[in-house]
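In case you want the letters, here they are:
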Amino acid sequence: MRYQRPKGTADILPGESQHWQYVETVARQVFNKYRFEEIRTPLFENFEVFSRTSGDTSDIVTKEMYDFKDKGDRHISLRPEGTAGVVRAFVENKLYGPEVQKPFKTYYIGPMYRYERPQSGRQREFHQMGIEAFGSDEPALDVEVIAVGMDLFKHFGISNLRLAINTLGDKETRDNYRQALIDYLEPHYDELSEDSQIRLHKNPLRVLDSKDKKDKQFVADAPSILDYLTPEAKAHFDQVKSLLSAIGIDYVVDSTMVRGLDYYNHTIFEIMVDSKALGHGYTTVCAGGRYNGLVEELGGPEVSGVGFGLGMERLILLMEAEGVKFPEEHHLDAYVVGIGDEANAPTLKVVQALRQQEYSADRDYLARKPKAQFKTADRLSAAYTLTLGEKELTTNTIHVKNMNSGNEVSAPLDDVMTDFASVIKNID
Ligand code: ATP
Ligand code: MG
C-alpha cells in the first residue's frame, strides 16, 4: 500500500516552509505595529458556530463544510474560516467586558478547511491569516483594518494591487435593496442557475456573487445598492472613502461586490492582485469588512466588528512568481570536520559546545572521508570550517578557517569550546 496525502492538501517541505515562516514573521510584525494581538482558537467548533454566522445559503455552509458527528454524537465542523471562531471566543471569554481595552484588536494565523475542487491556489486544507477589531462603529476603524491589509502587501513586496470597496449598508438599506433585487431578478427566474433560483428569495444578494456565466450577465445590469443607502449608511461609507484618501490609499468602488459570507454590513473590501501566477485578470487574496450583528448572533451583546482574511497559499504563490527575495534562513555558522575514528567524540563535543554558544553548527554522520566532509561544508555554505585531525588531537588545538576571507588560524581547543567569538575575531 502506498499512501498519498488526501486530495486538496499539501506537504510544505523544508525550503518551502522557510517562505511560510518568513511570511508569518513579517505579518506578526505588521500586526504588532498596529497593536493587534494573537488569538488561537480550536481547529474545530460546533457546526452551529459556522452555520449561524456564515449563513445557511452560503457556499461554505451548503457545499464546502467538513462536518461530522463525533463519537459523542456532537455535530462538529472543521473551521472553514477564522472569524466565527474568534467571535465565539470573544463572547465566551467576555472580551467585551469593561477591563478589556476597546477596540479589542486581534489576529490569527492557521489552517482552514473547505471541501472544494482543488486547483492552483485553491485547496481543501489551506491557510489564512486575518485580523478582527471589536467594539467601535467608527469608519476610522474600517480604514485602519484596510490599512493593515495594504501595509502587509507592501511588506511582502507585492505591487499591482487593486483595492475594491463597497458598502452593504445597514439593515434598512439591505431590506430595501433586497426587494429591489428580487423585483429585478424575478422576471429572469427561468434563466438563472439552479443555485441562484434557490437563493433568489432566501438571499438575493447571494446571486450577485454567483460565478455562473448566465447569472453574471444579469448581475451586470442589476440595481446598485448605492442607490438604496439610508442617510446613516451613506454617511458611514462617505467617511470611509474620505479617510482612505486622507491616508493616501487608492481604491475603486465596486457596487456589485457582496462577499461570500452573509455576516457583512456597511464596508466590505477586497484586495486584488493582477498576476499571471493566479490566473487571468485580478484575483482576490484578501477580503473582509464590517460585521455588526455577528457577536449578537453568537449570544453576545451588541458589539460591532470589522476584519479581513487573507489566503496564504495564494499570497506565497504570488510572492514566488513575482520573484520576491526571501531571506536565507537556514544559515550555518560552523562545520566541524573530523579526521579518523579518534576525532569522533571530540568533534561531537565541539559542535555541541558551539551550539551552547548559540552558533549553528553541524558535522558529518556518515563516516565520510575528509575530502567529502570539506565538500559538504562548502555545499552548506558554512561561514567557518573547523578541522580536527591527528595533529590537532595531540596538541589540543583545532584548525579554524573563515570561508569568506580565507584567513585561518590554529587555535587552542579550549578557546573554541568556551569563547568561539574571540577566536574568529582574529581571522575575520
Ligand atoms: P473565492 O471566491 O476565491 O472562493 P472566498 O470568497 O471563498 O474566495 P474568503 O472566504 O473571503 O474567500 O477567504 C479569504 C481568502 O482566503 C480568499 O481571498 C483566498 O485568498 C483564500 N481562500 C479561500 N478559499 C481558499 C481555498 N480553498 N484554498 C486556498 N485559499 C483560499
Ligand atoms: Mg470560496
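In every chain, residue numbers begin from 1 and rise along the written sequence. Key to labels: chains lettered from A, ligands numbered from 1, both in the order written. Local features in this predicted model are restricted to residues of pLDDT 70 or higher, and side-chain atom pairs are both shown and tallied only at a pLDDT of 80 or more, whereas totals for entire chains, interfaces and linings draw on every residue. As a convention, hydrogens and water are excluded, and side-chain values are obtained from all of the structure's heavy atoms.

For clarity, the cut-off: UniProt positions are given in the numbering used here, feature names are shortened, and annotations may be inferred rather than shown by experiment.
Taking an unreviewed UniProt entry as the reference, the protein is identified by name as Histidine--tRNA ligase belonging to Secundilactobacillus silagei JCM 19001. The Sequence similarities (unreviewed entry) comment attached to the protein in UniProt states, word for word, "Belongs to the class-II aminoacyl-tRNA synthetase family." Under the heading Subcellular location (unreviewed entry), UniProt records this for the protein: "Cytoplasm".

1. Overview of the site of ligand 1
Rules: One heavy atom within 4 Å of a molecule or strand makes the whole residue count as near it. A 3.5 Å cut-off defines polar contacts: any pair of N or O atoms within that distance qualifies, except that in protein one atom must be a possible hydrogen donor and the other a possible acceptor, and neighbouring residues in sequence count only when both atoms are side-chain atoms. Reported accessibility uses the Shrake-Rupley method at a 1.4 Å probe radius. Residues are deemed covered only where the shown protein chains occlude them. Only DSSP runs of H or I covering at least 4 residues are called helices, and only runs of E covering at least 2 are called strands; the numbering of each starts at the N terminus. Lys, Arg, Asp and Glu make up the charged group, whereas Ala, Val, Leu, Ile, Met, Phe, Trp, Tyr, Cys and Pro make up the nonpolar group; the residues left over, Gly among them, are polar.
Inspection of the region around ligand 1 gives 15 residues, with Arg 114, Glu 116, Arg 122, Gln 123 and Arg 259 positioned closest. One of the side-chain N or O atoms of Arg 122 is found 2.8 Å from an oxygen atom in ligand 1. Residue Thr 284 places a main-chain N or O atom 3.3 Å away from an oxygen atom belonging to ligand 1. Taking 590 Å² as the accessible area of ligand 1 by itself, protein coverage stands at 89%. Those elements that provide at least two residues to the shell around ligand 1 are strand E6 (125-134), strand E10 (282-290) and strand E11 (305-311). In the shell around ligand 1, the residues fall into 3 nonpolar, 6 polar and 6 charged.

2. Considering the pattern of salt bridges
As a reminder of what qualifies: Salt bridge, as applied in this entry: a Lys or Arg side-chain nitrogen positioned within 4 Å of an Asp or Glu carboxyl oxygen. Each residue's exposure class comes from its accessible area (1.4 Å probe, protein chains only) as a fraction of the maximum for that residue type: buried when under 20%, exposed when over 50%, partly exposed otherwise.
Considering all chains together, one arrives at 20 salt bridges under this definition. For Glu 144, the salt bridge identified is with Lys 105, shortest N-O distance 2.6 Å. Placement of the pair is Glu 144 in helix H5 (residues 139-155) and Lys 105 in strand E5 (residues 104-113), with a sequence separation of 39 residues. Exposure remark for Glu 144: the relative accessible area of 23% places this residue in the partly exposed category. Where salt bridges share partners, they join Asp 59, Lys 63, Asp 195 and Arg 199 into one cluster.

3. Regarding the layout of surface pockets
Counted only if it meets this: A cavity here means a set of 1 Å grid points, computed over protein atoms only, where a 1.4 Å probe fits but cannot escape. A pocket is an open set with protein on both sides within 12 Å along at least 5 of 7 lines, and lining residues have an atom within 4 Å of a point. Grid points are joined across faces, edges and corners, and a volume is the space filled by probe spheres set on the points.
By volume, the second largest pocket is sized at about 720 Å³. Considering the residues around the second largest pocket, the lining is formed by 24 residues, among which Arg 174, Asp 262, Tyr 263, Tyr 264 and Asn 265 are closest to the centre. Those elements that place two or more of their residues in the lining of the second largest pocket are helix H2 (47-54), helix H6 (171-185), strand E9 (265-274) and helix H11 (294-297). A per-element tally of the lining of the second largest pocket places H6 first, with 4 residues. Split by residue class, the lining of the second largest pocket holds 5 nonpolar, 9 polar and 10 charged.

4. A short note on the sheet that holds E6
Strand pairing within a sheet occurs via backbone hydrogen bonds; the two strands may be parallel or antiparallel. Worth spelling out the cut-off: Two strands qualify as a pair provided that DSSP identifies no fewer than 2 bridges between them. Here a residue-residue contact requires only that any non-hydrogen atoms of the pair lie within 4.5 Å. A fitted line through C-alpha atoms represents every axis, and for helices the fit uses only the stretch in contact; the resulting angles, taken between N-to-C directions, go from 0 to 180 degrees.
Across the sheet, 8 strands lie side by side as E1-E5-E6-E11-E10-E9-E7-E8; this open sheet has mixed pairing. In the strand order of this sheet, the two ends are held by strand E1 (37-38) and strand E8 (252-253), each with one partner. This element, helix H4 (residues 83-92), spans E5 and E6 of the sheet and lies at about 45 degrees to E6.

5. Focus: the environment of Leu 152
Within the secondary structure layout, Leu 152 lies in helix H5. By relative accessible area, which is 0% here, Leu 152 ends up buried. Once residues lying within four places of it in the same chain are set aside, the contact partners of Leu 152 are Ala 27, Val 30, Phe 31, Met 129, Phe 308 and Leu 310.

6. Re the UniProt feature "binding site: L-histidine" (unreviewed entry) in the protein
Per the UniProt entry, the sites bearing "binding site: L-histidine" (unreviewed entry) are Glu 81, Gly 82, Thr 83, Arg 114, Gln 128, Glu 132, Arg 259, Tyr 263 and Tyr 264 in this numbering. Checking the named residues against the second largest pocket, the ones that line it are Tyr 263 and Tyr 264. Position of Tyr 263 relative to the elements: it lies in the loop between E8 and E9. Residue contacts for Tyr 263: discarding those within four places in its chain leaves Thr 53, Ser 54, Glu 81, Thr 83, Arg 290, Tyr 291 and Leu 294. Here Tyr 264 lies in the loop between E8 and E9. Judged by its relative accessible area of 5%, Tyr 264 is buried. The residues touching Tyr 264, leaving out its near neighbours within four places in the chain, are Leu 168, Arg 174, Arg 259, Ala 287, Gly 288, Gly 289, Arg 290 and Tyr 291.

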